[in-house]
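The chain contents come next:
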Amino acid sequence: MQHPRLVFMRHGETEWNLAGRAQGHLNSPLTQAGRQQAQRLGEILARELGSPDGFDQMASPIGRVQETVANIRQHFDLQPLATDLLKEIDLGQLSGLTKPEMIERFPAHMAGKPDHDWYFGAPGGETLADLRERASRWLGTLSRPTIAVAHGQIGKVIRGICLGLDDAQILRLKEPQGVVHVIEDGAEEIWT
């Protein structure tokens, strides 16, 4: 299924990103580096798009994304509508924990999971299938080119769906901060 052109960004680095603490639906403020990343996103959008004319704009309502949007706005007129469909994965009982705390409290869940695979199916949290369904619902609402600001895990699932990837390929996608992903016609370009 083809989707309208998507210009997608992840929020800037947060205090909890730096501390290695899982956020999920919880929030942590941006670091100084995160604010600079967000302002850089605004500069990239201004350089590549000039204005938001012709684009719908949407964002996660979680504070770190809203803080990112405020910093983007210093260089690019971004006024996104907030939607819960773009919230980060719900991490259930892993929310707010560091990886060592997760391993201590939930050893069976954490055992043998590479990268960030432990995000999916956390005790009381969302699975990859849940996130894929939510991302698909959001993509189904798009009727025009769209600029979106959200999070790493929901972002890689959205990008993976648009690129036609299977679950294993989605799990291996990276979710960098400070770059703009442009997905159109089943291909991705990254603006830096």
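Residues numbered from 1 in each chain as written. Predicted model: local features only at pLDDT ≥ 70, side-chain atom pairs only at ≥ 80, totals over all residues. Heavy atoms only, no water.

A. Examining the overall build of the chain more closely. What the chain contains, in helices and strands, is eight helices and six strands. Counting helices and strands in the order they occur from the N terminus, the chain gives β-α-α-β-α-β-α-α-α-β-α-α-β-β. By the compact-globule yardstick of 16 Å for 192 residues, the chain fits well, its C-alpha radius of gyration being 16 Å. A separation of at least 24 residues holds for 70% of the contacts in the chain among residues at least 6 apart in sequence. In the structure as shown, the chain presents an accessible area of about 8300 Å², 49% of it carried by carbon and sulfur atoms. A distance of 3 Å separates the average location of the 20 positive side-chain charges in the chain from that of its 25 negative side-chain charges. (Helix = DSSP H or I, 4+ residues; strand = E, 2+ residues; numbered from the N terminus. Rg over C-alpha atoms; globule rule 2.2 N^0.38 Å. Contact = heavy atoms within 4.5 Å. Areas by Shrake-Rupley, 256 points an atom, 1.4 Å probe, with all protein chains shown as cover. Lys, Arg positive; Asp, Glu negative; His and termini not counted. Charge placed at Lys NZ, Arg CZ, Asp CG, Glu CD.)

B. Spotlight on the layout of surface pockets. Looking at the largest pocket, its volume works out to about 210 Å³. The set of elements that each furnish at least two residues to the lining of the largest pocket consists of α1 (15-19) and α4 (99-105). Broken down by class, the residue content of the lining of the largest pocket amounts to five nonpolar, four polar and five charged. (1 Å grid on protein atoms, 1.4 Å probe; cavity = no way out; pocket = protein on both sides within 12 Å on 5 of 7 lines; lining within 4 Å. Points joined across faces, edges and corners; volume = space filled by probe spheres on them. Nonpolar A, V, L, I, M, F, W, Y, C, P; charged D, E, K, R; others polar.)

C. Layout of the nonpolar core. Core analysis: the largest hydrophobic core is formed by 35 residues, its most contacted members being Leu 6, Leu 94, Phe 120, Trp 138, Val 157 and Ile 158. Of all elements in the fold, only β1 (6-10), α6 (128-140), β4 (146-150), α7 (152-162) and α8 (167-172) reach the threshold of two or more residues within this core. Once residues within four sequence positions are removed from consideration, Phe 120 is found in contact with Ile 89, His 109, Glu 126, Thr 127, Leu 128, Leu 131, Gln 153, Lys 156, Val 157 and Leu 171. Membership of the second largest hydrophobic core comes to 18 residues, among which are Leu 41, Ile 72, Phe 76 and Leu 78. (Core = buried A, V, L, I, M, F, W, Y, C linked by side-chain atoms within 4.5 Å. Buried < 20%, exposed > 50% of the residue type's maximum accessible area, 1.4 Å probe, protein only.)

D. Region of interest: the packing of α6 against α7. Orientation of α6 relative to α7, taken along the N-to-C sense of each, is 65°, at an axis distance of 9 Å. Compared by their axis directions, α6 and α7 come out roughly perpendicular. Crossing of α6 against α7: the hand is right-handed. The segment α6 lies against α7, with Leu 128, Leu 131, Arg 132, Arg 134, Ala 135, Ser 136, Trp 138 and Leu 139 engaging Gln 153, Ile 154, Val 157, Ile 158, Ile 161 and Cys 162. Residues of the contact of α6 with α7, tallied by class, amount to 10 nonpolar, two polar and two charged. (Axes fitted to C-alpha atoms, helices over the stretch in contact; angles between N-to-C directions. Parallel < 35°, antiparallel > 145°, perpendicular 65-115°, else oblique. Left-handed = near helix turned anticlockwise from the far one by under 90°.)

E. Focus on empty space enclosed by the protein. Counting across every chain of the model gives two cavities of 30 Å³ or more. Roughly 80 Å³ of volume is contained in the largest cavity. By residue class, the composition of the lining of the largest cavity is one nonpolar, six polar and four charged. Its volume calculated, the second largest cavity comes out at about 50 Å³.

F. Structural context of the environment of Asn 17. For Asn 17, the location among the structural elements is in helix α1. Classification of Asn 17 as partly exposed rests on a relative accessible area of 26%. Separated by 12 residues in sequence, Asn 17 and Pro 29 have C-alpha atoms that sit 9.8 Å apart. There is a polar contact of 3.0 Å between the side chain of Asn 17 and the side chain of Gln 177. (Polar contact = N/O pair within 3.5 Å; in protein donor to acceptor, adjacent residues only side chain to side chain.)

G. View of unusual backbone geometry. With a phi close to 45°, Asp 115 is a non-glycine residue in the positive phi region. Counting through the fold element by element, Asp 115 comes out in the loop between α5 (107-110) and α6.

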